[in-house]
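# A look at the structure
Here's the letter readout for the chains.
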Amino acid sequence: VAVTGVQTCALPICCGFRPLYATNEFAPVASPQVAEALNSVVIGPIADRNGVRLRQALRERMQPAGLTNNPRYALSVQLVSHVQELGVRRDATASHANLIFTARFSLTEGGRRIYGDTVQSIVSYNILDDQYATVTAVGNAGERAIKQVGDEIKMRLAIFFEHRQHELAANG
């Protein structure tokens, strides 16, 4: 029996699978409660330039239409980055490096911590003889790491809100 692409795509939905926060026209949108919860999170300032970039990435992902008028939650994030040099050349200089971003975050409601976690992104780049090329590679690695950390934080918060919604529904 042949199964077409349309039938294959419909199978996960029939089995109860539902994307957590998909927004395209072919998948159901996340539950309105999860989208509303993500939209009602005030994202506190994050130190350093990379922190500002991460905060902006989180705002774009969690609140594409802007923060709700009645924010309910507060998110605090501490971002730490460091470089791990790898691939030593004959002249004892590194030829490859990993940029490691680690973000610890906590979500509070009414001043009480309700969720927290740590996410990490490791992004590699080459250290080249041309300084400009290396600076560009480092900048690109930083952008990729910020995107990964932001996506992971949003996903973990969405999962938390989804579980919380189910617990509240089960408890009455």
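Just above, that's the structure.
Here goes a summary of the coordinates provided.

Basis of the calculations
- Residues numbered from 1 in each chain as written.
- Predicted model: local features only at pLDDT ≥ 70, side-chain atom pairs only at ≥ 80, totals over all residues.
- Heavy atoms only, no water.
- Pairing = 2+ DSSP bridges.
- Helix = DSSP H or I, 4+ residues; strand = E, 2+ residues; numbered from the N terminus.
- Phe/Tyr/Trp six-rings, centres within 6.5 Å; stacked < 30°, edge-to-face > 60°.
- Buried < 20%, exposed > 50% of the residue type's maximum accessible area, 1.4 Å probe, protein only.
- Core = buried A, V, L, I, M, F, W, Y, C linked by side-chain atoms within 4.5 Å.
- Contact = heavy atoms within 4.5 Å.
- Polar contact = N/O pair within 3.5 Å; in protein donor to acceptor, adjacent residues only side chain to side chain.

## Let's talk about the pairing of strand β4 (residues 112-126)
- Here strand β3 (residues 94-109) pairs with β4 via 14 bridges, running antiparallel. What sits directly across from Thr102, in β4, is Gln120.
- Adjacent in sequence and paired antiparallel, β3 and β4 are bridged by 2 residues, among which Gly110 carries a positive phi angle near 60 degrees.

## Observations regarding the packing of aromatic side chains
- Evaluation of the coordinates by the stated rule reveals 4 aromatic pairs.
- Plain terms: the ring middles of Phe105 and Tyr115 are 5.9 Å apart, the flat faces sit at 55 degrees to each other, and that makes the pair tilted. Here the residue Phe105 occupies a position in strand β3, and Tyr115 occupies one in strand β4, the gap between them amounting to 10 residues. For the pair formed by Phe105 and Tyr115, the shared burial category is buried.
- A network of ring pairs unites the aromatic residues Tyr73, Phe105, Tyr115, Phe160 and Phe161 as a single cluster.

## So, the nonpolar core
- Of all hydrophobic cores here, the largest spans 37 residues; its most connected members are Leu75, Val77, Leu107, Ile153, Leu157 and Phe161.
- Put simply, the parts of the chain that give this core at least two residues each are α2 (32-39), β1 (41-43), α3 (48-62), β2 (73-88), β3, β4 and α4 (131-170).
- Discounting residues that sit within four places of it in the chain, Leu107 has contacts with Val41, Tyr73, Ala74, Leu75, Arg112, Arg113, Ile114, Tyr115, Leu157, Phe160 and Phe161.

## Here's the deal with the environment of Ser121
- Tracing the backbone through its elements, the reader meets Ser121 in strand β4.
- Counting along the chain gives 18 residues from Ser121 to Ala103, while the straight-line C-alpha distance between them is 8.8 Å.
- Those residues in contact with Ser121 that lie beyond four places of it in its chain are Leu99, Ile100, Phe101, Ala145, Gln148 and Val149.
- Here the side chain of Ser121 touches Gln148 through a polar contact of 2.5 Å, side chain to side chain.

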